Each structure stands twice: as structure tokens, then as C-alpha cells.
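Now for the letters of each chain:
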Amino acid sequence: MALVIPDSNSRTKKEVFPVGWYVMSVSSQVKSRPVGVRRLGIDLVLWRDSKGKIVCQSRHCPHRGVDLALGKISQQNGKSCLECPYHGFRFAGDGSCVLIPCDEVGNRISQKIRVESYKVEESHGFIWLWWGDEISEIPKIDWFEELGDNPRRFCNGEMVWDVNFTRVVESALIDVHHFVFAHHKIAKWSGIGNAKRLDNFETEVVGNQIKAKGILKSEGDNRSLIRFKNKIIFPNLSVFDFGLGGIKLFATFTPIDENKTWVGFRYYIPFGLPWISRWIAKIAVWFDLNLGQPDDYLLFKSSIPRQGSLKGNGFVRADETIVRWHQLNKHHQQK
């Protein structure tokens, strides 16, 4: 099953994305003020009510189109509302307009003056939006149980790339054998500059998960350089384990629109005192953002065709996880 990306805030067909839960933001970024984001081709505003519950709505006021993320949270009849900064219109959590200050008290408010509300949940330090049809039983948010939720043992990073979602998934979610080429300076500095060969590579699909493992080695050298495990939850979650004392890299991707993708990631450090773990995780995030990801981004932007698919390019054995992802995507679209 797949839902189409809208042109703006109206759901007109433009591009298909898999149904599922998508991260809108890191939880800690939404506090007492509204926060505007663009995800899945829609301009959205995130805010919290007086109890701390997250609300997600369309971002522009139906009255005159002003950005509601510039507004504030107010109280109306004991309930939290999002107040427009232009004329003071107030919108409840369900999207209904509950106050038009310029109208006489008691005047009926038109049903056209409302914002669309979206199904969101807060879990694992992220705000998630359900991208799919409204059904009686929405699936729970999938997660990797091996990852802990102690914020003192991980650090978040995020980026916005001018790259189609499918290309980001192909290149960043499930591609290991690019490392010594795309990041040759880092690989050489790390002593793995010749780890070009992918051995003992195995993949397995179980439900909506793709599991992969293998060894990156030097050509003609039986000495293992990197033993890795990669687990993917379709369509947009991944965790890497490179066998370095339990350090794990979590990644998630959300389409902004057909040409841009939001990238979120975490480094988990499970050992040492919590403050040491947090310090190491922060260094890892800084290193990735400043030294690793610029290499990837340059190559991602150069890829043709702009959108990845089973037929778009020629795949080899080492790309099996990419093929598996596209097969799952095709299966979900045909539901």
C-alpha cells in the first residue's frame, strides 16, 4: 500500500511514497513554541498542548494563509489552541476554529475555517506522523529493540539533502561497500583504505525487515577488516553494527518533497559512564556531519536518474539489500 505525495496541502497525485510512520522532528525541538516543518510534501506545524501532548496540523491559516508556526499557544475555554499571529484566529487540537476575535460573540464559525490535523505519536525521542489511510487500527511504530532510549548514551544529528527519497534510501540506508571509495581519506586514515572486497555477504527478508551481514576485506588478504550487520525496517529505518564494542548507528529518512529528504541519525554508545558515552556520541555525530556526509551528499546529488528503482541502474551482488528494498516497495505499492 502506498499513499501519494500531495502538491502542497491538498492530496493530489504527484509521487508515491510507502505507507508507514515517518519522523517529523526530534522531540526536544518542539517545546513551548510552535515549530514549522515541511515533510511528505506538506507544510506542517508542530506544537504541544498544556499537558505536553504533541499536535500536528497544516501550517498555513485558512483565513489569509499566514504561517501558523509564527503564532503562539493560547488557552480557549480551558483547552490549548494554536493562535494565528495575523488576526488572532484560534485552532483547537482537532483543527476546528474556536475563536475569530473580529466576529461578534456567538456568531457561527464556518467549517471551512479549519486546519487539517494529522495522526502523530511521540516515541523513542522522535515525533512520528502516520502516512497512510485513516484505518481503525493503525500499526504500532516499529523499532529496534537492541537500541536503548537513554538520551545520555546517544546523540542526534540531522541534515536536509536536495536528493529524492529513494536515492537517499539506496545510498545511505543500505550501502556499505561505497565507504573506501566515497570516503577514501577517512578510510585511509582509519587503516582500512584497501577494504574493497565484500565477502560472506548474506541478506534475509523477514516480514518488513531486511537483515544483512558481511565482511569488508582487503583484496587478496584473509584478514577481516570490518565485520558489519545491518538491519532495515521498511521503509525508512536502519541500524548498523560495525562490531566496535557495541557502537551502533541508527538512521531514519523522511521525504520533504519530491526533491528533498530530511535525514536523521543517532550514534549509540553503550559502554562507559553515561557522560563519557554522551561525549563520544557527540564527537561521532560531529565527525559524520563535517567529514563523512559531505562526501555522500556530493555523490547523491550527481546520481541519474534522480529517482531510484529496480530498473533505473545496473545492480551487482553487493547491492542485494537495495534490490530487496525496491522489491518491498513495489509489493507495498501493489497492495
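The structure this text deals with has already been given above.
Each value, and the rule that gives it
- Residues numbered from 1 in each chain as written.
- Predicted model: local features only at pLDDT ≥ 70, side-chain atom pairs only at ≥ 80, totals over all residues.
- Heavy atoms only, no water.
- Helix = DSSP H or I, 4+ residues; strand = E, 2+ residues; numbered from the N terminus.
- Contact = heavy atoms within 4.5 Å.
- Phe/Tyr/Trp six-rings, centres within 6.5 Å; stacked < 30°, edge-to-face > 60°.
- Buried < 20%, exposed > 50% of the residue type's maximum accessible area, 1.4 Å probe, protein only.
- Lys NZ or Arg CZ within 6 Å of the ring centre and 35° of its normal.
- 1 Å grid on protein atoms, 1.4 Å probe; cavity = no way out; pocket = protein on both sides within 12 Å on 5 of 7 lines; lining within 4 Å.
- Points joined across faces, edges and corners; volume = space filled by probe spheres on them.
- Nonpolar A, V, L, I, M, F, W, Y, C, P; charged D, E, K, R; others polar.
- Axes fitted to C-alpha atoms, helices over the stretch in contact; angles between N-to-C directions.
- Left-handed = near helix turned anticlockwise from the far one by under 90°.
- Pairing = 2+ DSSP bridges.

**Quick word on the environment of valine 23**
Logical step 1: Along the chain, the position of valine 23 falls in strand 3 (residues 20–26).
Logical step 2: Separated by 186 residues in the primary sequence, valine 23 and glutamine 209 place their C-alpha atoms 18 Å from one another.
Logical step 3: Setting aside residues up to four positions removed in sequence, valine 23 forms contacts with Arg39, Phe126, Ile127, Trp128, Thr252, Thr254 and Trp262.

**Looking at the packing of aromatic side chains**
Logical step 1: Across all of its chains, the model carries 18 aromatic pairs by this definition.
Logical step 2: Ring geometry for phenylalanine 17 and phenylalanine 165: centres 5.5 Å apart, planes at 75°, overall edge-to-face. Taken together, the positions of phenylalanine 17 in strand 2 (residues 15–18) and phenylalanine 165 in helix 1 (residues 165–173) put the pair 148 residues apart, joining distant regions of the chain. No difference in accessibility class separates phenylalanine 17 from phenylalanine 165, as the two residues are buried.
Logical step 3: Look at phenylalanine 234 and tryptophan 325: their rings are 5.5 Å apart centre to centre, the planes differ by 45°, and that puts the pair in the tilted class. Highlighted residues: phenylalanine 234 in the loop between strand 16 (224–233) and strand 17 (237–241) and tryptophan 325 in helix 5 (residues 320–334), separated in sequence by 91 residues. Both residues of the pair, phenylalanine 234 and tryptophan 325, count as buried.
Logical step 4: An aromatic cluster of three or more residues is present, and its members are Phe17, Tyr22, Phe165, Phe234 and Trp325.
Logical step 5: Directly above the ring of phenylalanine 154 sits arginine 266, whose terminal nitrogen or CZ lies 4.0 Å from the centroid.

**Description of empty space enclosed by the protein**
Logical step 1: Under the defined criterion, the tally for this structure stands at 1 cavity of 30 Å³ or more.
Logical step 2: Its boundaries defined by the atoms lining it, the largest cavity holds a volume of some 60 Å³.
Logical step 3: Every residue lining the largest cavity is listed: Ile174, Asp175, Val176, His177, Leu198, Phe201, Ala212, Phe228, Asn230, Ala318 and Thr321.
Logical step 4: Every element with two or more residues in the lining of the largest cavity is listed here: strand 14 (195–206) and strand 16.
Logical step 5: Among the residues making up the lining of the largest cavity, the classes are represented as 7 nonpolar, 3 polar and 1 charged.

**Structural notes on the packing of helix 1 against helix 5**
Logical step 1: Relative orientation of the contacting elements helix 1 and helix 5 amounts to 145°, with a least axis distance of 9 Å. Between helix 1 and helix 5 the crossing geometry is right-handed. Mapping the contact onto sequence places Phe165, Thr166, Val169, Glu170 and Leu173 in helix 1 and Ile322, Trp325 and His326 in helix 5.
Logical step 2: In the contact of helix 1 with helix 5, the residues fall into 5 nonpolar, 2 polar and 1 charged.

**As for unusual backbone geometry**
Logical step 1: The linkage connecting phenylalanine 234 with the following residue, proline 235, adopts the cis geometry, with an omega of 10°.
Logical step 2: As for its placement among the helices and strands, proline 235 is situated in the loop between strand 16 and strand 17.
Logical step 3: Of note, the amide linkage connecting isoleucine 304 to proline 305 takes the cis form, showing an omega dihedral of 0°.
Logical step 4: You can see proline 305 is positioned in the loop between helix 4 (274–302) and helix 5.
Logical step 5: Unusually for a residue other than glycine, leucine 40 sits at a positive phi of about 55°.
Logical step 6: Note on placement: leucine 40 falls in the loop between strand 4 (35–39) and strand 5 (42–48).
Logical step 7: In this structure leucine 40 comes out as buried when scored by relative accessible area, which is 1%.
Logical step 8: In the Ramachandran plot, asparagine 200 falls in the positive-phi region, its phi being about 50° despite a non-glycine side chain.
Logical step 9: Considering the arrangement of structural elements, one finds asparagine 200 in strand 14.
Logical step 10: Classification of asparagine 200 as exposed rests on a relative accessible area of 55%.

**With respect to the pairing of strand 11 (residues 120–123)**
Logical step 1: Note: strand 11 against strand 12 (residues 126–131), 4 bridges, orientation antiparallel. Bridging across to strand 12, serine 123 finds its partner in phenylalanine 126.
Logical step 2: Connecting the antiparallel pair strand 11 and strand 12 is a turn made up of 2 residues, with histidine 124 showing a positive phi of about 55°.

**A closer look at the sheet that holds strand 11**
Logical step 1: With antiparallel pairing, the 3 strands of this open sheet are ordered in space as 3-12-11. Either end of the sheet is taken by a strand with one partner, and the two such strands are strand 3 and strand 11. Neighbour-to-neighbour, the strand axes of this sheet turn through a mean angle of 35°, independent of strand direction.

**Structural notes on the layout of surface pockets**
Logical step 1: Considering only enclosed or pocket space, the largest pocket measures out at about 1,100 Å³ in volume.
Logical step 2: Every residue lining the largest pocket is counted, 38 residues in all, and those nearest its centre are Phe179, Phe242, Leu249, Tyr267 and Asp288.
Logical step 3: Residues of the lining of the largest pocket, tallied by class, amount to 26 nonpolar, 7 polar and 5 charged.
Logical step 4: For the second largest pocket, the calculated volume is near 460 Å³.
Logical step 5: Along the lines of polarity and charge, the residues of the lining of the second largest pocket split into 10 nonpolar, 3 polar and 7 charged.

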